[in-house]
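One letter stands for each residue in the lines below.
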Amino acid sequence: MSTTELMLKTSLEGRVKRTLQTFFRRPNYVLVEESLGANGLSPEQVAVTMDLLKQDLTVAEIMEQLRDKGYFS
């Protein structure tokens, strides 16, 4: 993996994590859904992420599942 690819992976993962963290400060499903799409997730990935968020999982648990699904690779 090149340095550029690593930076893109880290920044996408970081942006998604920060977006999910904001939900727990100000719960707004519409804002989080729009932000995830704007951060670079596909509509399908956004839908899966939102389903996980609605299951009352923690940010760490959601991020682990997204990594396992290969969203950041």
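Structure report, in brief. Quantities reported herein were computed from a predicted structural model and do not represent experimental measurements.

## Considering the side chain of glutamate 13
Secondary-structure assignment places glutamate 13 in helix α1 (residues 3-25). The exposure class of glutamate 13 is buried, given its relative accessible area of 16%. In this structure the side chain of glutamate 13 is engaged in a polar contact, spanning 2.5 Å, whose partner is the side chain of arginine 67. What glutamate 13 contacts, discounting residues up to four positions off in sequence, is Met63, Arg67 and Phe72.

## A few points about the environment of leucine 20
Assignment of secondary structure puts leucine 20 in helix α1. The spatial distance from the C-alpha of leucine 20 to the C-alpha of glutamate 33 is 9.5 Å, given a sequence separation of 13 residues. Excluding residues within four positions of it along the chain, leucine 20 makes contact with Val32, Thr49, Leu53, Val59, Ile62 and Met63.

What counts and what doesn't
- Residue positions are given per chain, counting from 1 as you read along its sequence in written order.
- Predicted model: local features are reported for residues with pLDDT of at least 70 only, side-chain atom pairs are reported and counted for 80 or more only, and whole-chain, interface and lining totals are derived from all residues.
- Hydrogens and water molecules were not included; the side-chain quantities draw on all heavy atoms of the structure.
- Secondary structure is summarised from DSSP: a helix means a run of H or I of at least four residues, a strand means a run of E of at least two, and numbering begins at the N terminus for each.
- Each residue's exposure class comes from its accessible area (1.4 Å probe, protein chains only) as a fraction of the maximum for that residue type: buried when under 20%, exposed when over 50%, partly exposed otherwise.
- Two N or O atoms count as a polar contact when they lie within 3.5 Å, although within protein this holds only if one can serve as hydrogen donor and the other as acceptor, and sequence-adjacent residues are included solely when both atoms are side-chain atoms.
- Residue contacts are counted whenever heavy atoms from the two residues lie within 4.5 Å of one another.

Distances and angles like these do not, on their own, reveal function.
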